[in-house]
Amino acid sequence: MTDCRITLCLTGTAPEPWQAGLSAALPGAHVSVWAPGAPPADYAVVWAPPQQLVDEQPGLKALFNIGAGVDALLKLQLPPGLAVVRLDDAGMSVQMAEYVCQAVIRHFRELDVSEADMAQGQWRFRKPRSRADFAVGVLGLGVLGSRVAQALHTFEFPVNGWSRSAKAAGVLPGVRTFAGAAQLNDFLAASRVLVNLLPLTPETENILNREHLSRLQPGGYVINVARGAHLVDADLLALLGSGHLAGATLDVFRTEPLPAGHPFWHHPQLTLTPHTSARTLRDESIAQIAGKISALAAGQPLSAIAGVVDTGLGY
Ligand code: NDP
Ligand code: OXD
């Protein structure tokens with residue numbers, strides 16, 4: 001029995017199945033849907049909540065985000081002692097690995113070209129390309145990026161990875177790792193395909209810009225599955241136009257849904273999907289959040305909980 005009060009504020013998501021799932025997973029907890037003026041709660045389970053929730057709930061001990069990225073949440077004014085806990089995988093890393101591998105393989109094997117040929121009634125073979133010429137660089141080696149890097153390695157692509165802090169030798173077998181701003185240019189120069197799995201923070205915003213993308217090997221390819229604000233749209237278009245980049249797969253955009261008339265729509269070198277590369281899986285997420293609430297309610301320290309956000313770093 002977990003005796004606590006949980007409030008749900010899931011902008012854009014129906015709260016009822018979450019309310020039922022959390023109530024079933026946490027017998028003894030009182031789970032309600034937040035509305036202005038709601039009674040005090042101990043924990044909030046949120047997606048894009050309004051500032052009013054935080055302002056009206058000074059007794060909250062933790063905010064549980066039902067996504068991995070907390071960039072939207074950290075735009076709120078949060079009281080210093082309020083813990084922010086994000087989803088830690090919860091079934092997302094395997095989805096991200098399958099999405100990115102298919103995007104890399106589709107480009108490397110030119111399956112898009114074959115599909116277009118077949119649609120025109122043309123039976124044509126493409127000359128096989130060498131995997132050694134398609135080193136993949138993964139920006140961000142966290143929960144998702146490390147799973148993606150390992151999955152790409154199983155397909156025998158050369159794989160590079162870049163993170164803020166250096167990774168100990170042997171932690172990511174088969175991945176050549178780089179760390180920090182000082183090694184970013186070397187990482188980019190060693191890569192032809194670039195996969196972005198960084199959190200959106202003041203340090204990483206606009207990181208996919210002309211200067212950095214120009215450092216990729218010629219015929220570069222960009223896969224952005226993190227946040228739209230990582231990418232400078234006009235710089236991508238310019239480098240596609242110049243021929244330095246061969247194409248891109250984009251799952252995330254500065255404005256979502258992608259506005260009508262945006263030049264990305266119908267661009268022949270772009271493959272677009274609607275922010276769907278790794279979806280929040282409700283049952284897995286409820287089980288993870290309920291487990292963490294039980295642990296905190298039973299007196300375990302925050303340091304024992306995976307996915308606690310460092311609000312200073314922004315992820
Ligand atoms: P993690 O927090 O586990 O990993 C973040 C990684 O980025 C870490 O390796 C970290 O380095 C690195 N990093 C952070 N800041 C910097 C920096 N300034 N310079 C270099 N490296 C940096 O995040 P996740 O893997 O769980 O998720 C990554 C992002 O994916 C989310 O923030 C979200 O935006 C996006 N996402 C997109 C989804 C979609 O459907 N499109 C679904 C889910 C998430 P270090 O290891 O040193 O800490
Ligand atoms: C997330 C997302 O951050 O869905 O989880 O983008």
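So, a few notes on the structure that sits alongside this text. Note that the structure is a prediction, hence the values are computed from the model and not measured. (Residues numbered from 1 in each chain as written. Chains lettered and ligands numbered in written order. Predicted model: local features only at pLDDT ≥ 70, side-chain atom pairs only at ≥ 80, totals over all residues. Heavy atoms only, no water.)

**Let's talk about unusual backbone geometry**
Comment: phi is negative for the bulk of residues other than glycine, and the bulk of peptide bonds are trans. We apply this condition: Strands are runs of DSSP state E lasting at least two residues, helices are runs of H or I lasting at least four, and both sets are numbered from the N terminus onward.
Along the chain, Glu256 connects to Pro257 via a cis peptide bond; the corresponding omega equals -10°. Secondary-structure assignment places Pro257 in the loop between strand 11 (245-250) and strand 12 (270-272).

**Looking at the packing of aromatic side chains**
Put simply, the rule reads: Working definition: rings of Phe, Tyr and Trp (its six-membered ring) pair if their centres are within 6.5 Å, and the pair is stacked with planes under 30 degrees apart, edge-to-face with planes over 60 apart, and tilted otherwise. Each residue is assigned to one of three classes by its accessible area relative to the maximum for its type, calculated with a 1.4 Å probe on protein chains only: buried under 20%, partly exposed between the two thresholds, exposed over 50%. Any Lys NZ or Arg CZ found within 6 Å of a ring centre and within 35 degrees of that ring's normal is scored as a charge over the ring.
Within the structure shown, the criterion is met by five aromatic pairs. Ring centres 5.2 Å apart and planes at 80° place the aromatic pair Phe108 and Phe157 in the edge-to-face group. With a gap of 49 residues between them, Phe108 in helix 3 (residues 92-108) and Phe157 in the loop between helix 5 (143-154) and strand 7 (159-163) connect regions that are remote in the sequence. Of the two residues, Phe108 and Phe157, both sit in the buried class. When the ring centre of Phe157 is taken as reference, the NZ or CZ atom of Arg131 above it lies at 5.2 Å. The aromatic ring of Phe134 is capped on one face by Arg192, whose charged end is 3.9 Å from the ring centroid.

**Brief notes about the state of the cysteines**
As a reminder of what qualifies: Cysteine sulfur pairs qualify as disulfides if the two atoms are within 2.5 Å.
Taken as a whole and assessed by the stated rule, the structure comprises zero disulfides. Sulfur of Cys4: no disulfide; nearest cysteine sulfur belongs to Cys9 and is 17 Å away. Classification of Cys9 by relative accessible area gives buried; the value is 8%.

**Things to note about the environment of Val232**
Short version of the rule: The contact rule is simple, with two residues in contact once any of their heavy atoms fall within 4.5 Å.
Among the secondary structure elements, Val232 is positioned in the loop between strand 10 (220-224) and helix 8 (233-242). Looking at Val232, the relative accessible area reads 22%, which means it is partly exposed. Considering only alpha carbons, one finds Val232 and Ala151, 81 residues apart in sequence, at a separation of 28 Å. With near-sequence residues (within four places) excluded, Val232 lies in contact with Asn206, Leu208, Asn209 and Arg254.

**Brief notes about the packing of helix 3 against helix 5**
How we decide: To get an axis, fit a line to the C-alpha atoms, keeping to the stretch in contact for a helix; angles then go from 0 to 180 degrees between the N-to-C directions. Roughly parallel refers to an angle under 35 degrees, roughly antiparallel to one over 145, roughly perpendicular to one between 65 and 115, and oblique to any angle outside these ranges. Whether a crossing is left-handed or right-handed is set by the direction in which the near helix is turned from the far one by less than a right angle, anticlockwise for left-handed and clockwise for right-handed. Nonpolar residues are Ala, Val, Leu, Ile, Met, Phe, Trp, Tyr, Cys and Pro. Charged residues are Asp, Glu, Lys and Arg, and all others, Gly as well, are polar.
Between helix 3 and helix 5, the shortest axis-to-axis distance is 8 Å and the interhelical angle comes to 45°. Accordingly, the angle class assigned to the pair helix 3 and helix 5 is oblique. Seen along the crossing, helix 3 lies across helix 5 with a hand that is right-handed. Here Met92, Ser93, Val94, Met96, Ala97, Val100, Cys101 and Val104 of helix 3 come into contact with helix 5, specifically with Val143, Leu144, Arg147, Val148, Ala151 and Leu152. Residues of the contact of helix 3 with helix 5, tallied by class, amount to 12 nonpolar, one polar and one charged.

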